[in-house]
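Analysis of the macromolecular model
One letter stands for each residue in the lines below.
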Amino acid sequence: MLQENEIGLVVQRAKVLDRDLERVQVELPGPAGEKINAELLADFRKNLAAAYSCGDYTNITSAVFANERWIVFADASDYFCGGPHPDSSMHTLVFERASGRRVDTSKW
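Bear in mind the structure is a predicted one, so any value in this text is a computation, not a measurement.

Thresholds, definitions, all that
- Residues numbered from 1 in each chain as written.
- Predicted model: local features only at pLDDT ≥ 70, side-chain atom pairs only at ≥ 80, totals over all residues.
- Heavy atoms only, no water.
- Helix = DSSP H or I, 4+ residues; strand = E, 2+ residues; numbered from the N terminus.
- Contact = heavy atoms within 4.5 Å.
- Salt bridge = Lys/Arg side-chain N within 4 Å of Asp/Glu carboxyl O.
- Buried < 20%, exposed > 50% of the residue type's maximum accessible area, 1.4 Å probe, protein only.
- Pairing = 2+ DSSP bridges.
- Polar contact = N/O pair within 3.5 Å; in protein donor to acceptor, adjacent residues only side chain to side chain.
- pLDDT = per-residue confidence, 0-100.

1. What to know about the overall build of the protein chain
Across its full length, the protein chain holds 1 helix and 7 strands. Considering only intrachain contacts with a sequence separation of at least 6, the fraction spanning at least 24 residues in the protein chain is 40%.

Here you go:
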């Protein structure tokens, strides 16, 4: 399913049938779009592996910011794999729009 979000970025979402997980790709032409989609696919594969190794797993990846220079995704997971408490995590994926390069923001 294609949808244009409120920040003007066209995002393709494909639901995994038996899990609460979606594969997200962007509609950007050229090598930059290919690089961004490859990184999003790698992140999806990590989430998919976690979803099938854990009983209760939810993941949402959303484009939260885009301008001429940057595209930012938030990746949030909630899971319960047994034990006394559920858990959650969130991380961001920041991309330079022109090159498709993923940016390590830990040094900012």
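Back to the write-up after that little detour.
2. What about the pattern of salt bridges?
Under the counting rule described, the total for this entry stands at 3 salt bridges. A salt bridge links E39 to R102; the shortest N-O distance between them is 3.5 Å. Of this pair, E39 sits in helix α1 (residues 30–53) while R102 sits in strand β7 (residues 102–103), placing them 63 residues apart in sequence. Residue R102 is classed as partly exposed on the basis of its relative accessible area, which comes to 34%. D104 serves as the salt-bridge partner of K107, at 3.4 Å between the closest nitrogen and oxygen.

3. Examining the pairing of strand β5 (residues 70–80)
Bridge analysis of strand β4 (residues 56–66) against β5 gives 10 bridges, and the strand direction is antiparallel. Paired with A66 across the two strands is I71, which belongs to β5. Turn length for the β4-β5 hairpin, with the two strands adjacent in sequence and antiparallel, is 3 residues. Sheet topology note: the β5/strand β6 (residues 87–96) ladder contains 10 bridges and is antiparallel. Each bridged residue has a counterpart across the sheet, and for A74 the counterpart in β6 is T92. Taking the residues between adjacent antiparallel strands as the criterion, β5 and β6 are bridged by 6 residues, where G82 takes a positive phi near 100°.

4. Some points on the environment of S106
Positionally, S106 belongs in the segment after β7. Engagement of the side chain of S106 in a polar contact is seen with the side chain of D104, the distance being 2.7 Å.

5. Some words on the confidence of the model for the protein chain
When the pLDDT values of the protein chain are averaged, the result is 83; 88% of them are 70 or greater. The least confident element of the protein chain is strand β1 (residues 2–4), whose mean pLDDT is 44; the most confident is β7, at 95.

6. A short note on the pairing of β6
Of the pairings in the sheet, the one linking β6 to β7 comprises 2 bridges and is antiparallel in character. The residue bridging F95 from the neighbouring strand is R102, located in β7. The hairpin formed by β6 and β7 contains 5 residues between the paired strands, and G100 there has a positive phi angle of roughly 80°.

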